[in-house]
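Below, each chain spelled out in residue letters.
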Amino acid sequence: MSDPSFSLDQLRIVLIGTSHPGNIGATCRAMKNMGLSDLALVAPRCEVQTSDSISRASGADALLAGAVQHTTLEAAVADATLVVGASARSRTLPWPMITPRQLGESLPAELAGRQARVALVFGREDTGLTNAELQHCHRHVHIPTDAEFSSLNLAAAVQVVAYECRLAWLAGAEHSRSDAAPFGIDWDNPPAEHADLERYFAHLERVLIAIGFHDPEKPRQLMARLRRLYLRARPDTLEVNILRGILSAIEKRTGGR
Ligand code: SAH
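Heads up: these notes are all about the structure in this document. This one's a predicted model, so the numbers in the text were calculated from it and none came from an experiment.

Thresholds, definitions, all that
Numbers given for residues are sequential positions, taken from 1 along each chain in its written order. Residues qualify for local features only when their pLDDT is at least 70, as the model is predicted, and side-chain atom pairs are given and counted only at 80 or more; totals for whole chains, interfaces and linings, by contrast, use all residues. Side-chain calculation: all heavy atoms of the structure are included, whereas hydrogens and water are not. Patches draw on residues past 30% relative accessible area with no salt bridge. Two like charges within 9 Å are joined, as are two nonpolar side chains (Val, Leu, Ile, Met, Phe, Trp, Tyr) within 5 Å. Surface exposure here means Shrake-Rupley accessible area, sampled with a 1.4 Å probe, where a residue is shielded only by the protein chains that are shown. We define a salt bridge as a side-chain nitrogen of Lys or Arg found within 4 Å of a carboxyl oxygen belonging to Asp or Glu. Between buried and exposed lies partly exposed: a residue is buried under 20% and exposed over 50% of the maximum accessible area for its type, with that area taken using a 1.4 Å probe on protein chains only. By convention, a stacked pair of Phe, Tyr or Trp rings (six-membered ring in the case of Trp) has centres within 6.5 Å and planes under 30 degrees apart, an edge-to-face pair has planes over 60 apart, and any other such pair is tilted. The numbering of helices and of strands both runs from the N terminus, where a helix is a DSSP run of H or I of at least 4 residues and a strand a run of E of at least 2. One heavy atom within 4 Å of a molecule or strand makes the whole residue count as near it. The term polar contact refers here to a pair of N or O atoms within 3.5 Å; inside protein, the definition further demands a hydrogen-donor-capable atom paired with an acceptor-capable atom, and it admits residues adjacent in sequence only when both atoms are side-chain atoms. Three categories are distinguished: nonpolar for Ala, Val, Leu, Ile, Met, Phe, Trp, Tyr, Cys and Pro, charged for Asp, Glu, Lys and Arg, and polar for the others, with Gly belonging to the last. Working convention: axes come from line fits to C-alpha atoms, limited for helices to the stretch in contact. Angles between N-to-C directions cover 0 to 180 degrees. Crossings are classed by handedness, with left-handed meaning an anticlockwise turn of the near helix from the far one by less than a right angle and right-handed meaning a clockwise turn. Pairs of residues are marked as contacts when any of their non-hydrogen atoms sit within 4.5 Å. In plain words, nonpolar cores are sets of buried Ala, Val, Leu, Ile, Met, Phe, Trp, Tyr and Cys residues tied together by side-chain atoms within 4.5 Å.

1. Considerations on a nonpolar patch on the surface
So, step 1. A surface patch of nonpolar side chains, about 240 Å² in accessible area, is lined by Tyr163, Leu167 and Leu170.
So, step 2. Looking at Leu170, the relative accessible area reads 33%, which means it is partly exposed.

Structure (structure tokens):
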């Protein structure tokens, strides 16, 4: 095997609103099989440490015990430089969509910087991810299932996605020149973290309301479309600073904050 071009520790699995402890345990087992260890739970709707979750973890109990709980998705992915939402079906607003294989192939370039983190977000057993949660993601990953029966068990979905990540990791340096991600080793600035982008979106919305461009009473998916635009562009830290500087200059001119 050639030298791995990234570390599996740079990958985080995020489960939102899980309702069955067994699925959390089975996710821990799937992750440990694939060499992943960073698990975040956002507002689980069940107890995490139960006889069911421990038995389904079948030996991955340390991972279960080490799962970090958050109340919001924002907190769970604040430091992530790429957020990918796993979705069983397409939504009203189309979003950049990749397969687990394409996700794996993009990892060497995405994770070239040591600070880079990829968060893989999975939804509720009954209702999946909300539109708002999906709109926090740069990309959506869809496991190409039969259209008539598209939804996998939660831990099974984690298994498939984690397996492709592991294959890419095993392939090592072979893919390190992938063009699939914008931030290779030669890029001049680090990718923006999710929290920087969220601050930008909040600032942008304030300014668009202040200048009368955006009416929150008649949103017409404006913010969702702008999120999609900026998330697709993958701004780096310097670019986000420039964008925020522009907003501050507008506020200064228009007498805002
Ligand atoms: N009934 C839900 C699906 C829930 S399955 C719905 O219609 O959205 C629980 C989670 O597993 C999903 O939120 C998603 O993150 C993941 N998942 C299930 N099937 C998937 C698929 N085919 N591709 C990608 N993710 C999938």
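2. A few points about the packing of aromatic side chains
So, step 1. Tallying each qualifying case throughout the model produces three aromatic pairs.
So, step 2. Centre to centre, the rings of Tyr200 and Tyr230 are 5.0 Å apart; their planes meet at 80°, and the pair counts as edge-to-face. Taken together, the residues span a long stretch of sequence, with Tyr200 in helix α8 (residues 194–210) and Tyr230 in helix α9 (residues 222–233) at a distance of 30 residues. Summarising the burial analysis for this pair, Tyr200 and Tyr230 share the class buried.
So, step 3. The interplanar angle of 55° and the centroid separation of 6.3 Å between the aromatic rings of Phe201 and Tyr230 together place this pair among those described as tilted. With Phe201 in helix α8 and Tyr230 in helix α9, this pair connects stretches of sequence that are 29 residues apart.
So, step 4. What makes Phe201 buried here is its relative accessible area of 3%.
So, step 5. Tyr230 gets classed as buried once you look at its relative accessible area, which sits at 18%.
So, step 6. Every member of this aromatic cluster is reached through a ring pair, and the members are Tyr200, Phe201 and Tyr230.

3. As for unusual backbone geometry
So, step 1. One non-glycine residue, Arg220, lies in the positive phi region at around 45°.
So, step 2. Summarising the element assignment, Arg220 is placed in the loop between α8 and α9.
So, step 3. Given a relative accessible area of 67%, Arg220 falls into the exposed group.
So, step 4. Even without being glycine, Gln221 reaches a positive phi, approximately 60°.
So, step 5. When you line up the elements, Gln221 lands in the loop between α8 and α9.

4. Re the site of the ligand
So, step 1. Taken together, 21 residues sit near the ligand, with Ala86, Arg89, Ile143, Ser150 and Leu152 positioned nearest.
So, step 2. Measuring from a nitrogen atom of the ligand, one finds a backbone N or O atom of Ser87 at 3.3 Å.
So, step 3. At 2.8 Å, a backbone N or O of Ile143 approaches a nitrogen atom of the ligand.
So, step 4. Coverage of the ligand by the protein chains reaches 93% of its 550 Å² of free accessible surface.
So, step 5. Of the residues in the shell around the ligand, the class split is eight nonpolar, eight polar and five charged.

5. Regarding the packing of helix α5 (residues 100–110) against helix α7 (residues 154–171)
So, step 1. Relative orientation of the contacting elements α5 and α7 amounts to 35°, with a least axis distance of 8 Å. As for the relative orientation of α5 and α7, their crossing is right-handed in sense. For the pair α5 and α7, contact is made by Pro100, Arg101, Leu103, Gly104, Glu105 and Leu107 and by Val160, Val161, Glu164, Cys165 and Ala168, respectively.
So, step 2. Here the residues of the contact of α5 with α7 are counted per class, giving seven nonpolar, one polar and three charged.

6. Some words on the nonpolar core
So, step 1. Counting 40 residues, the largest nonpolar core has Leu11, Ile13, Leu15, Leu39, Leu120 and Phe122 as its most contacted members.
So, step 2. Among the elements of the structure, β1 (11–16), α1 (21–33), β2 (38–42), α3 (61–65), β4 (82–86), α5, β6 (118–122) and α7 are those that each provide at least two residues to this core.
So, step 3. Among the elements that line this core, the one with the most residues is α7, at eight residues.
So, step 4. Ignoring any residue separated from it by four or fewer positions in sequence, one finds Leu15 in contact with Ile24, Thr27, Leu39, Ala40, Leu41, Val42, Phe122, Leu154 and Val158.
So, step 5. One finds Leu204, Val207, Tyr230 and Leu247 within the second-largest nonpolar core, a separate group that totals 16 residues.

The analysis is restricted to geometry; functional conclusions fall outside its scope.
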